[in-house]
Amino acid sequence: MSIEVVDESSFAAGRGVDTVEVSHLARYVLDEMRVHPLAELSVLMVDVEAMSRLHVQWMDEEGPTDVMSFPMDQLRPGREGGTSEPGLLGDVVVCPEVAAAQAKASGHATADEVLLLVTHGILHLLGYDHAEPDEEREMFTLQRRLVLGFLARIGRPGDPTPTVGHRALPSGD
């Protein structure tokens, strides 16, 4: 599995973006979702200015957002006993500065917010959405399970409340 994590943001290292941890999270999420071992994923951290440009270009909305996903080969999660097809999963773009503000508002670490956002972006690449209440419940429950599973695996406590979309959702399943 090819996972590339690049930090082009001006966000200072040590303030929430650990590209090695993000890479490990991405691998964990892709493994849990049974994505083919030959799939490719790119995760890019950008500054507010770059995210604002992307947000206007692709969503026709002013200002920065927290995460954007750009699917390539429309891969879907694998099924029980099998993986997805190989291919290019796509790109996840995160703005650590927006993540830091959301983390502060929610009372958890920026690092945890970045993990939530990367997981959220990967799920979008795999076809999940949250436009409808049932979809939102399914996606956010899965997102929470994946982040908590990863944090448990690395031995780091935490139960960050999702804030994707600039609104907190209940942490209960």
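## Observations regarding the nonpolar core
Core analysis: the biggest nonpolar cluster contains 40 residues, and Met33, Leu41, Val118 and Ile122 have the highest contact counts within it. Only strand E1 (2-7), helix H1 (19-32), strand E2 (40-45), strand E4 (88-94), helix H3 (96-106), helix H4 (110-125) and helix H5 (133-154) provide two or more residues apiece to this core. A total of eight residues in this core trace back to one element, the largest contributor, which is H4. Ignoring anything within four residues of it in the chain, the contact list for Ile122 reads Ala26, Val29, Leu30, Leu41, Leu89 and Val92. In terms of nonpolar packing, the next biggest core, distinct from the first, is built from nine residues, Val46, Ala50, Val93 and Val98 among them.

## What to know about the pattern of salt bridges
Inspection of every chain in the model, using the stated rule, returns six salt bridges. In this structure, Asp112 and Arg156 form a salt bridge, with 2.3 Å as the shortest nitrogen-oxygen distance. With Asp112 in helix H4 and Arg156 in the segment after H5, this residue pair connects regions lying 44 residues apart in the sequence. For Asp112, a relative accessible area of 7% corresponds to the buried category. With a closest N to O distance of 2.6 Å, Arg137 and Asp134 form a salt bridge. Of this pair, Arg137 and Asp134 both sit in helix H5, three residues apart, roughly one helical turn. Taking relative accessible area as the criterion, Arg137 reaches 52% and is therefore assigned exposed.

## Brief notes about the sheet that holds strand E3 (residues 67-71)
One open sheet holds the four strands; their spatial order is E1-E2-E4-E3, and the pairing between them is mixed. Of all the strands in the sheet, just E1 and E3 have a single pairing partner and so form its edges. Direction aside, neighbouring strands of the sheet carry axes that sit 10 degrees apart on average. Pairing geometry for E1 and E2, over six bridges, is parallel. From the neighbouring strand, Val5 faces E2, where its bridge partner is Val43. On top of the sheet, helix H2 (residues 48-59) reaches E3 and E4; it is set at about 50 degrees to E3, its chief contact. On top of the sheet, H4 reaches E2, E3 and E4; it is set at about 145 degrees to E4, its chief contact.

Basis of the calculations
Residues numbered from 1 in each chain as written. Predicted model: local features only at pLDDT ≥ 70, side-chain atom pairs only at ≥ 80, totals over all residues. Heavy atoms only, no water. Core = buried A, V, L, I, M, F, W, Y, C linked by side-chain atoms within 4.5 Å. Buried < 20%, exposed > 50% of the residue type's maximum accessible area, 1.4 Å probe, protein only. Helix = DSSP H or I, 4+ residues; strand = E, 2+ residues; numbered from the N terminus. Contact = heavy atoms within 4.5 Å. Salt bridge = Lys/Arg side-chain N within 4 Å of Asp/Glu carboxyl O. Pairing = 2+ DSSP bridges. Axes fitted to C-alpha atoms, helices over the stretch in contact; angles between N-to-C directions.

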